[in-house]
Each structure stands twice: as C-alpha cells, then as structure tokens.
Amino acid sequence: MASRKKRAGAERFFLAFGIRLFRLLPHRAALWTGAFLGRALWLFSKSKVDRAERHCVSALGMGITPARRIIRNAYANMGRSVAEFTRMGQLLPTLRERISIEGKELLDEALSRGRGALIMTAHLGNWELAGARMVAEGYAISPVYTPQRNGGGLEDFLEYQRTRTAGMNLIPSEGPGLRKLFRVIREKGILLFLQDLDARKEGVRVPFLGMEASTAVGLITLYRKFRAPIVPIFTVRNPDGCTHTIYVQSVLSDLSEDDGAPFGTNVVKSLQICNNILTRWVEKYPDQWLWFLDRWESVEKELSR
C-alpha cells in the first residue's frame, strides 16, 4: 500500500512538472523537448523497444537497422504529440491553421444518410489533436475508450483535456457507458473507435500487418445493428513537424466482403477489410504509429503456451 502511494505521488509530481514545462515553453521548443523526451524513453525502454523492432521487421519485411530508426522516430513523434496534447488549450485558437482536413465532404455525405457515423481510426500521427480539430469544425465526436488506472491523476488529466478542453464526449466501453453509446448512435451522432488495439479475450483473430491479432468486434456489431456508415479517418504529422493533415476516406461499409457478400455479413471478413485499411496507413507512415502498443501480444502469448 505504501509503495503504491509513493508511486502515485511520483506520478502526480512528474505529471504536474511536465504540464508546466510544456505550457511555459514556446511551441517549437515544446515540440523539440517532447521529441527529445520521447527518444530518451526509447533509449531506456529496451524490452518494449526490442519487441517493437521485431514486429516492425516482420510486418514491413525490412532489416533491423531501418526498423530501429522507425521505432526511434515513433517514440519521438509520441513525445511531440504529448507536448501538443498538454498545450491543447493554447493551440485551440490556431487549430484551423495547424490542422487541415482533406475529404471532409466524404464524412458529410455519410452523415447525410441519417444514421450517424462510426469513425474508424488508429494511434497514428496526433489522433488526440485531430479530435479537437473535428470538434472545432462542428462535428460532435464521441470517442469510445477503456478506462485505465488513475493512481497519479493521469486519467483525470486525459479526460479533462479530451472533454473540457477539446469538447469531445467520452464514452467508456463497458458498464453504463454502453447505454450512452447506444443513445449517441440512435441520435445520429458520431462514435469514434481506435481500432488498432489488442482486444485480448474479447476479440477475434484477424491478420493485421500480416500477423494474427486479436481484433475488437464492437465496430462491426454496431454497424450490423444500426447500419451507421463506417468512415476511416487518419491523422498524419506533416514533414515540417508542426502541422497536421486529417484524411477522411470513403465509406468503408460500402465495400463488399471478399466473396461479394455485403459488408457486415461475416464479422471476420469485415474486420479483415478494416485491418487491411489500417495496415495500408501504418505501412505508409510507420514512424507515426505507436508500435509499443504491442498489437499482437495476446495472440503471441496464447500461441507460446
């Protein structure tokens, strides 16, 4: 109990210190500091980094040297994203200049069908800042999330930034949150799913980046029940390191499964369509994806027994 309190106290201290640091620095300096801290974390996270590098080698068919560079850059991108997320309130007045949206008309067309929309996205670029930008554009975004441990106040800070600062409507993926989730989609709202997480025992095995991964079925389940169109949306950091582009894709659920059946007929085949799209974006921007999430962990553990 005492060690848990000490750990929570340390987390609160470093959280408060990091928030103050990022908010005091000029924006470019904050991004540089975030990237530096991200690379430092890469340097001292040997076990996670080694696993991420092995997955990168297998998934992208490359040698260990380019894979190491990709993972290091992914940690740096994460550090920049943390700096931006912390400074979100300061960035709100200039979000339109910092983040452009391509394909907005595709989301508008999906919403015009009168069934709301299910956004499928991934931990690519700065997905957190993209949510704030979509809200600023007038879209009521409701991300579906899994609550985490909150010993040092991190979860409270994340919730505050996502709701009070960015204006999103968070919906927990379990318990009473399910009723809220159904209400949003019945009211023709927009639900957002990060579809690149390990679903563990609750998921089904579907290849992702060429390797079997436990994949969440909630997106397909909701589509089958409400027929709300599924719209893939991805965010990418531009080469200047400071600005971003949100790419809205055509309605995914208009596609057919590999045997010609309508999307949603077979859960696994429809999830494969989803994973194929996610795979293409990760392959295109591998150094902006969170490889350390260990997408394949639960399946690998099960196969090793």
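Sequence order as written defines the numbering, with residues in each chain counted from 1. Given that this is a predicted model, residues contribute local features only at a pLDDT of at least 70 and side-chain atom pairs are listed and counted only at 80 or more, while totals for whole chains, interfaces and linings are drawn from all residues. Just so you know, side-chain values use all the structure's heavy atoms and leave hydrogens and water out.

Participant: Looking at this model, I keep getting lost on the overall build of the chain. Mind explaining?
Facilitator: A count of helical and extended segments in the chain gives 13 helices and nine strands. The buried label applies to any residue whose accessible area, calculated with a 1.4 Å probe on protein chains only, is under 20% of its type's maximum; exposed applies above 50%, and partly exposed to all values in between. The burial tally for the chain puts 50% of its 305 residues in the buried class. The contact criterion used throughout is that any non-hydrogen atoms of two residues lie within 4.5 Å. Long-range pairs, those at least 24 residues apart, make up 74% of the contacts in the chain with a sequence separation of at least 6. Here the Shrake-Rupley method, with its probe set to 1.4 Å, supplies the accessible areas, and only the displayed protein chains count as covering residues. Looking at the chain as shown, the accessible area adds up to about 15,100 Å², and 56% of this sits on carbon and sulfur atoms. Per the convention used, a helix needs a DSSP run of H or I reaching at least four residues, while a strand needs a run of E reaching at least two, with both numbered from the N terminus.

Participant: Explanation requested: the pattern of salt bridges in the structure shown.
Facilitator: Side-chain pairs of opposite charge can arise whenever the charged atoms involved come near each other. What counts as a salt bridge is simple: a side-chain nitrogen of Lys or Arg found within 4 Å of a carboxyl oxygen of Asp or Glu. The tally for this structure, following the rule as stated, stands at 18 salt bridges. A salt bridge links R113 to E109, with the nearest nitrogen and oxygen atoms 3.2 Å apart. Under the relative-accessibility criterion, E109 is labelled partly exposed at 37%. Within this structure, D198, R200, E297 and K301 form a network of salt bridges that share partners.

Participant: Is there a simple way to explain the sheet that holds strand β3 (residues 141-145) in this structure?
Facilitator: What links the strands of a sheet is backbone hydrogen bonding, and the strands pair in either a parallel or an antiparallel sense. Reading across the sheet, the seven strands line up as β1-β9-β8-β2-β5-β3-β4 and stay open at both edges, with mixed pairing between neighbours. Looking at which strands have only one partner, the edges of the open sheet turn out to be β1 (99-102) and β4 (171-172). Judged from the two bridges that link them, β3 and β4 form a sheet pairing that is parallel. Paired with V144 across the bridge in β4 is I171. A pair of strands counts as paired when DSSP detects no fewer than two bridges linking them.

Participant: Looking at this model, I keep getting lost on a positive patch on the surface. Mind explaining?
Facilitator: Only residues whose relative accessible area exceeds 30% and that take part in no salt bridge are eligible for patches, with like-charged residues grouped when within 9 Å of each other and nonpolar side chains (Val, Leu, Ile, Met, Phe, Trp, Tyr) grouped when within 5 Å. Positive charges are assigned to Lys and Arg, negative charges to Asp and Glu, while His and the chain termini are left out of the count. Charge coordinates come from a single atom per side chain, which is NZ of Lys, CZ of Arg, CG of Asp or CD of Glu. A cluster of basic side chains, namely R115, K188, R224 and R227, defines a positive patch on the protein surface. Note on placement: R115 falls in the loop between α7 (104-111) and β2 (117-121). Look at R115 and you get partly exposed, because its relative accessible area is 43%.

Participant: How should the layout of surface pockets be read in this particular structure?
Facilitator: Empty space left among the atoms is revealed by rolling a probe the size of a water molecule over them. The volume enclosed by the second largest pocket comes to roughly 220 Å³. Along the walls of the second largest pocket sit R200, K201, G203, V204, R205, S214, S298, V299, K301, E302 and R305, which together make up its complete lining. Put simply, the parts of the chain that give the lining of the second largest pocket at least two residues each are β6 (204-208) and α13 (297-304). Ranked by residues supplied to the lining of the second largest pocket, first place goes to α13 with four residues. Under the scheme applied here, ten amino acids are nonpolar (Ala, Val, Leu, Ile, Met, Phe, Trp, Tyr, Cys and Pro), four are charged (Asp, Glu, Lys and Arg), and all others, including Gly, are polar. Considered class by class, the residues forming the lining of the second largest pocket number two nonpolar, three polar and six charged. Cavity and pocket criteria rest on a 1 Å grid covering protein atoms alone: a 1.4 Å probe that fits but cannot get out defines a cavity, protein on both sides within 12 Å along at least 5 of 7 lines defines an open pocket, and an atom within 4 Å of a point defines a lining residue. Grid points are joined across faces, edges and corners, and a volume is the space filled by probe spheres set on the points.

Participant: Looking at this structure, I do not really get the environment of I64. What am I missing?
Facilitator: On the secondary structure map, I64 appears in helix α4 (residues 64-86). A relative accessible area of 38% means that I64 is categorised as partly exposed. Distance from I64 to R54, taken between C-alpha atoms, is 7.7 Å for residues ten residues apart in sequence. Aside from chain neighbours lying at most four places away, what touches I64 is E53 and V57.

Participant: So what exactly am I meant to see when it comes to the packing of aromatic side chains here?
Facilitator: Two aromatic rings are characterised by how far apart their centres lie and by the angle between their planes. Here is the rule: rings of Phe, Tyr and Trp (six-membered ring for Trp) pair when centre to centre is within 6.5 Å. Planes less than 30 degrees apart are stacked, more than 60 are edge-to-face, and the remainder are tilted. Going through the model one piece at a time under the given rule, you end up with 15 aromatic pairs. A centroid spacing of 5.6 Å and a plane angle of 10° characterise the contact between W32 and F36, whose relative ring orientation is stacked. Of this pair, W32 and F36 both sit in helix α2 (residues 27-43), separated by four residues, roughly a single helical turn. We classify W32 as exposed; its relative accessible area is 60%. Among the aromatic residues, those joined into a cluster by ring pairs are F208, W289, W291 and W296.

Participant: Can you help me understand the pairing of strand β9 (residues 244-248) in this one?
Facilitator: β9 sits mainly inside the fold: five of its five residues count as buried. Neither face of β9 is exposed, since H244, I246 and V248 on one face and T245 and Y247 on the opposite face are all buried. Strand direction decides the pairing type here: β1 and β9, joined by four bridges, are parallel. Looking across to β9, one finds that I101 is bridged to I246.

Participant: I would appreciate a short explanation of the nonpolar core in the present structure.
Facilitator: One recurring pattern in soluble globular proteins: nonpolar side chains tend to sit buried together. Of all hydrophobic cores here, the largest spans 51 residues; its most connected members are I71, L118, M120, L191, I230 and W291. At seven residues, helix α12 (residues 267-284) tops the list of elements feeding residues into this core. Other than its neighbours up to four places away in sequence, W291 contacts A52, H55, C56, A59, L60, I70, I71, A74, L209, V282, P286 and W296. Side-chain atoms within 4.5 Å are what join buried Ala, Val, Leu, Ile, Met, Phe, Trp, Tyr and Cys residues into a set we call a nonpolar core.

Participant: So what exactly am I meant to see when it comes to unusual backbone geometry here?
Facilitator: Despite not being glycine, K188 has its phi angle at roughly 65°, a positive value. Within the secondary structure layout, K188 lies in the loop between α10 (177-186) and β5 (190-194). Exposure remark for K188: the relative accessible area of 46% places this residue in the partly exposed category. Although it is not a glycine, D294 adopts a positive phi angle of roughly 55°. On the secondary structure map, D294 appears in the loop between α12 and α13. With a relative accessible area of 10%, D294 lands in the buried category.

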